[in-house]
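Topology and contacts: notes
The residues making up each chain are set out below.
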Amino acid sequence: KILILRLFPQHASPRKAQWEAIVQNALATLGIPVPRVVLTCMSPSILGGEFNIMEYVTGQPMIHAQQDDLPEILGQAHARLHEVDPASIPKQLANHGFIAERFSFQGRMNGMQNRIAEAGYDWLTPGLQWLQENKPSFTTSVICHGARCHGDFHPFNILMHEGKISGVLDWSGFRLADPAYDIASTKVVLSILAPVLRPGLLSSDFIERYLAAYQTKHPLDSNTIAYFEVVR
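Described below are features of the structure shown in this document. Only a predicted model underlies this, so the values are computations on that prediction, with no experimental measurement involved.

**Some thoughts on the nonpolar core**
Counting 50 residues, the largest nonpolar core has L93, I143, W171 and F174 as its most contacted members. It is helix α2 (residues 70-81) that contributes the most residues to this core, 6 residues altogether.

**Overview of the sheet that holds strand β4 (residues 60-61)**
As summarised here, the arrangement of the 3 strands in space is β4-β6-β7, forming an open sheet in which the pairing is antiparallel. Each edge of the open sheet carries a strand with a single partner, namely β4 and β7 (164-168).

**With respect to the pattern of salt bridges**
Inspection of the entire model under this criterion finds 7 salt bridges. Note that R6 and E20 form a salt bridge whose closest N and O atoms lie 2.9 Å from each other. Separated by 14 residues along the polypeptide, R6 in strand β1 (residues 3-7) and E20 in helix α1 (residues 16-29) bring together distant segments of the chain. With a relative accessible area of 27%, R6 lands in the partly exposed category. Note that E20 is salt-bridged to K16, the shortest N-O span being 3.9 Å. With E20 and K16 both in helix α1, this residue pair falls 4 residues apart, about one helical turn. The same class applies to E20 and to K16, which are both buried. Bridged by salt links that share partners, the residues R6, K16, E20 and D170 form one connected network.

**Here we look at the side chain of H78**
Inspection of the secondary structure puts H78 in helix α2. Within polar-contact distance, the side chain of H78 engages the side chain of D182 at 2.8 Å. Apart from residues lying up to four places away in sequence, H78 is in contact with F153, D182, I183, T186, Y210 and Y214.

**Structural notes on the environment of S204**
Summarising the element assignment, S204 is placed in the loop between α6 (179-197) and α7 (206-217). In sequence terms S204 and V168 are 36 residues apart; their C-alpha atoms lie 24 Å from each other.

**Side note on unusual backbone geometry**
Phi is positive for E162, which is not a glycine, with a value near 55°. Within the fold, E162 resides in the loop between β6 (158-161) and β7. The class for E162 is exposed, based on a relative accessible area of 73%. Of note in this structure, D170 is not a glycine but carries a positive phi near 65°. Along the polypeptide, D170 turns up in the loop between β7 and β8 (175-177). Residue classification places D170 among the buried residues on the basis of a relative accessible area of 16%.

**Digging into the packing of α1 against helix α3 (residues 88-95)**
Between two packed helices, what matters for the description is the angle formed by their axes and the separation of those axes. Two elements in contact, α1 and α3, have axes separated by 10 Å at closest approach and are oriented at 150°. Relative to α3, the element α1 lies roughly antiparallel. Note that α1 runs across α3; the crossing there is right-handed. Where α1 abuts α3, its residues W19, I22, V23, A26 and L27 lie against I89, Q92 and L93. Residues belonging to the contact of α1 with α3 are distributed by class as follows: 7 nonpolar, 1 polar and no charged.

So, how was this worked out
Residues numbered from 1 in each chain as written. Predicted model: local features only at pLDDT ≥ 70, side-chain atom pairs only at ≥ 80, totals over all residues. Heavy atoms only, no water. Core = buried A, V, L, I, M, F, W, Y, C linked by side-chain atoms within 4.5 Å. Buried < 20%, exposed > 50% of the residue type's maximum accessible area, 1.4 Å probe, protein only. Helix = DSSP H or I, 4+ residues; strand = E, 2+ residues; numbered from the N terminus. Pairing = 2+ DSSP bridges. Salt bridge = Lys/Arg side-chain N within 4 Å of Asp/Glu carboxyl O. Polar contact = N/O pair within 3.5 Å; in protein donor to acceptor, adjacent residues only side chain to side chain. Contact = heavy atoms within 4.5 Å. Axes fitted to C-alpha atoms, helices over the stretch in contact; angles between N-to-C directions. Parallel < 35°, antiparallel > 145°, perpendicular 65-115°, else oblique. Left-handed = near helix turned anticlockwise from the far one by under 90°. Nonpolar A, V, L, I, M, F, W, Y, C, P; charged D, E, K, R; others polar.

Dropping the structure here:
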C-alpha cells in the first residue's frame, strides 16, 4: 500500500499537522474525496518538523487532463462541496482545543492585521480598514478550500482519474465562510496564477464556463465575489 508523507517546515505554526489531519479526516467522513491521514507526529525530533502520513490518491492534476469539459467539472464539483453540511467540523476542532477564529473569515482578517503590524507595513493599514468597513453581511458558511499561498479549489490542487475527480489536495487554508470567498479565490488563481504557471493550458473562456456551471446550482452576487477578489 502506497502512503504519502507530508512534512511541515520548522517555521510552520504549532500543531499544524494535527489541524490538517482533523480537517482532512472530517472532510473524508463527509464524503469529500480527500486523502485520510493515518498517522500524525507533532514532534520535530524525528524528521525535523511535524508530519502527517496519509493515503495515496490515484490521479493526475486536473490542469493536465485532456478533457474539453474541465470548466464544467470544476464548477459542478465546487457547487457540490458547498452543499456539504460543515457542522461537525468545528466541533471536532474545538474538541482538540482549536478556536473558531482559526477557521473563520474574520480570523483571516485578524491574521492579516497581525502580519501588517509585525512587518511594520503601515501603508497597508488603510487597505485593510477598507476591507473591514465594506465587508458584506452573510449568514451562510460553507466549506471553503481556503485562500492561502497553496490552498485554493483550482485545477492544480484537484486530481482526476478516468475522467472523474479522485482527490482534492492541500487543505491548509480551510475556512468556513461565504461561498463567494471560495469562488473569488479560484477566480484569482485561474486569472492570475494559472497563465503564469502553465501558459496556454486554460482556454480563454475557462473562468466564464466555470462560473456558469457553479451558478447554475448556486447563484451568487457579483459584488460579493468582487469584494472577496480584493481580499484575495
